[in-house]
Protein chains: 2
Amino acid sequence: MEFSSKLLERAVNEMSQLPGIGKRTALRLVLHLLGQPESQSLELADALKTLRSEINFCKKCHNISDHAICEICSNPHRTEEIICVVEDIRDVMAIENTSSFRGLYHVLGGKISPMDGIGPNDLNIESLVEKVKAGNVKELIFALGSTMEGDTTNFYIYRQIQDYDVVTSTIARGISVGNELEYTDEITLGRSIINRIPFVASLKS
Amino acid sequence: MEFSSKLLERAVNEMSQLPGIGKRTALRLVLHLLGQPESQSLELADALKTLRSEINFCKKCHNISDHAICEICSNPHRTEEIICVVEDIRDVMAIENTSSFRGLYHVLGGKISPMDGIGPNDLNIESLVEKVKAGNVKELIFALGSTMEGDTTNFYIYRQIQDYDVVTSTIARGISVGNELEYTDEITLGRSIINRIPFVASLKS
């Protein structure tokens, strides 16, 4: 792509570094900004700059937060005894939307993935183990995606804390509520038969 | 969507103002930036800010340019006698890529579209008519997209300049090179039969 303007070329190149945004899409986005009032571009630029330079992570759960301790960790109505282990802020937001969980979170910041060069030391695992060692935690819920990397990470953490007095669980995998059996993949259906739950228990949720 | 951070929320909101980018995609992009070195976010922010505040438009053809007169208009090897009328810089880039055109461009900046509140005065039409009146232009090539708005804009300009001594043409519509007839839509195929060209002429291109 040849540009008539170095300024335009630079903006398109920077924009196309974002995942899923190619050169053509980047050009479309940048031209859209040029067609809008100047304030919109400046607001976007400032929001990105401020975010990156002023962003904080909660000292307890490592979630993105504007304060040293995030709103969830500082909420007195939530119990410190149950910790849900998640990958990033999107998982926190998804679980919070269900209003089904009153414990705290621990955001790992990723999953162990040797292929991507992400080892245990790149994630917030040590501080989680410290929490368990301190003895206040009664249950850890693993809520990572059920991929090879997720399972590896779960198992790595489990090995670190298995000698302590803490219950570990993973969120239930099974058929989505409202889904037909015939459209469910075999692995999910197979697991949901193996991990069946008492009928009376299923009535409660 | 509820955010644990106002900074994050602001960045996501600004990002999701871009066309085709919803809240979820915006969040994905912003989280990606947070995972990258700080310099990448700052570079992107600065590129957008600089683009918007320092952008120039060529005084002759209204294309985006870093100089008062763009490289195409100031190229002595191109003829001023043929002007190709296009909507925006993407069309200029597309035509330049073909290396088939040695005239100049005139960038309208859009198409007449009453539905979107875009009238003739919102576009760079007056300066085009002035160029024709000045008498140096021998041919105008209309290269707008063949939509209702494109046709309206072509016709509006044609009415303004029909009394002057200038040839008007539009780029050829027809079956794409290499395409099968059976997969071509009826309108394009119908037009390509009506606007057929002498076989000998087709051998030259």
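Please read these numbers as outputs of a predicted model, since none were measured by experiment. (Residues numbered from 1 in each chain as written. Chains lettered and ligands numbered in written order. Predicted model: local features only at pLDDT ≥ 70, side-chain atom pairs only at ≥ 80, totals over all residues. Heavy atoms only, no water.)

J.: An account of helix α4 (residues 89-98) of chain A is requested, with residue identities and associated values reported.
T.: Buried within α4(A) we find Ile89(A), Val92(A) and Met93(A). Each buried residue of α4(A) lies within a common arc of 95° when the element is viewed along its axis, so the set occupies one face. Buried residues in α4(A) make contact with β2 (64-65), β3 (82-86) and β4 (104-107) of chain A together with α1 (6-15) and α2 (23-35) of chain B. Remark: Ser99(A) follows α4(A) within two positions and exhibits a positive phi of approximately 55°. (Buried < 20%, exposed > 50% of the residue type's maximum accessible area, 1.4 Å probe, protein only. Helix = DSSP H or I, 4+ residues; strand = E, 2+ residues; numbered from the N terminus. Arc of directions from axis to C-beta. Contact = heavy atoms within 4.5 Å.)

J.: Outline the relation of the copies chain B and chain A, listing residues and values.
T.: Superposing chain B onto chain A requires a rotation of 180° together with a translation of 0.1 Å along the rotation axis, leaving an RMSD of 0.1 Å. Viewed as a symmetry operation, the transformation between the two copies matches a two-fold axis. Proximity to the rotation axis, assessed at the C-alpha, singles out Ala45(B) in chain B; its C-alpha lies 2.0 Å from the axis. Of the residues that chain B buries at the interface, 100% are likewise interface residues in chain A, meaning the two copies contact each other through the same surface. (Least-squares fit on C-alpha atoms with pLDDT ≥ 70 in both.)

J.: Now, about the environment of Cys84(B): what can you tell me, with residues and values included?
T.: For Cys84(B), the location among the structural elements is in strand β3 (residues 82-86). Separated by 57 residues in the primary sequence, Cys84(B) and Leu27(B) have C-alpha atoms spaced 41 Å apart.

J.: Could you give an account of the interface of chain B and chain A, naming the residues involved and the relevant values?
T.: Interfaces are often sized by the accessible area lost when the parts come together. Between chain B and chain A, the residue contacts involve 51 residues of the former and 51 residues of the latter. Across the chain B to chain A interface the summed buried area is about 5,200 Å²; carbon plus sulfur atoms make up 68%. It is Leu7(B), Leu48(B) and Arg52(B) that lose the most area in chain B upon contact with chain A, and together they represent 14% of the buried surface on that side. Where chain B packs against chain A, one counts 4 salt bridges. Here Arg10(B) and Glu43(A) are joined by a salt bridge, their closest N and O atoms 3.4 Å apart. (Buried area = accessible area lost by both parts, 1.4 Å probe. Salt bridge = Lys/Arg side-chain N within 4 Å of Asp/Glu carboxyl O.)

J.: Tell me about the confidence of the model for chain A, and please be specific about residues and values.
T.: With 99% of its residues at a pLDDT of at least 70, chain A reaches an overall mean of 89. Here helix α8 (residues 199-204) of chain A is the element of chain A with the lowest mean pLDDT, 73, and β4(A) is the one with the highest, 95. (pLDDT = per-residue confidence, 0-100.)

J.: Now, about the pairing of strand β6 (residues 167-170) of chain A: what can you tell me, with residues and values included?
T.: In summary, the side chains of a regular strand alternate between the two faces of the sheet. All names here are of chain A. Note: strand β5 (residues 139-142) against β6, 4 bridges, orientation parallel. By the bridge assignment, Ile141 is partnered in β6 with Ser169. Between the parallel pair β5 and β6, the chain is carried across by helix α6 (residues 148-161), and the sense of this crossover is right-handed. (Pairing = 2+ DSSP bridges. Right-handed = clockwise from strand over helix to strand, strands pointing away.)

J.: So, the pattern of salt bridges: which residues are in play, and what are the values?
T.: With the rule as written, the count across this model stands at 16 salt bridges over all chains. Ionic pairing is found between Arg90(B) and Asp88(B), a salt bridge with its closest N-O pair at 2.8 Å. Arg90(B) gets classed as partly exposed once you look at its relative accessible area, which sits at 33%. Judged by relative accessible area, Asp88(B) falls into the buried class, the value being 17%. Counted as one network, the salt bridges with shared partners bring together Arg10(A), Glu43(B) and Asp46(B).

J.: Describe the packing of helix α1 (residues 6-15) of chain A against helix α2 (residues 23-35) of chain A, naming the residues involved and giving the relevant values.
T.: Residue and element names in this part refer to chain A. At a minimum axis distance of 8 Å, the contact between α1 and α2 shows a crossing angle of 125°. Viewed along their axes, α1 and α2 adopt a mutual orientation that is oblique. Of the two possible hands of crossing, α1 and α2 adopt the one that is right-handed. Along the contact surface, α1 presents Leu8, Ala11, Val12, Asn13 and Met15, while α2 presents Lys23, Ala26, Leu27, Leu29, Val30, Leu31, Leu33 and Leu34. Per-class residue counts for the contact of α1 with α2 are 11 nonpolar, 1 polar and 1 charged. (Axes fitted to C-alpha atoms, helices over the stretch in contact; angles between N-to-C directions. Parallel < 35°, antiparallel > 145°, perpendicular 65-115°, else oblique. Left-handed = near helix turned anticlockwise from the far one by under 90°. Nonpolar A, V, L, I, M, F, W, Y, C, P; charged D, E, K, R; others polar.)

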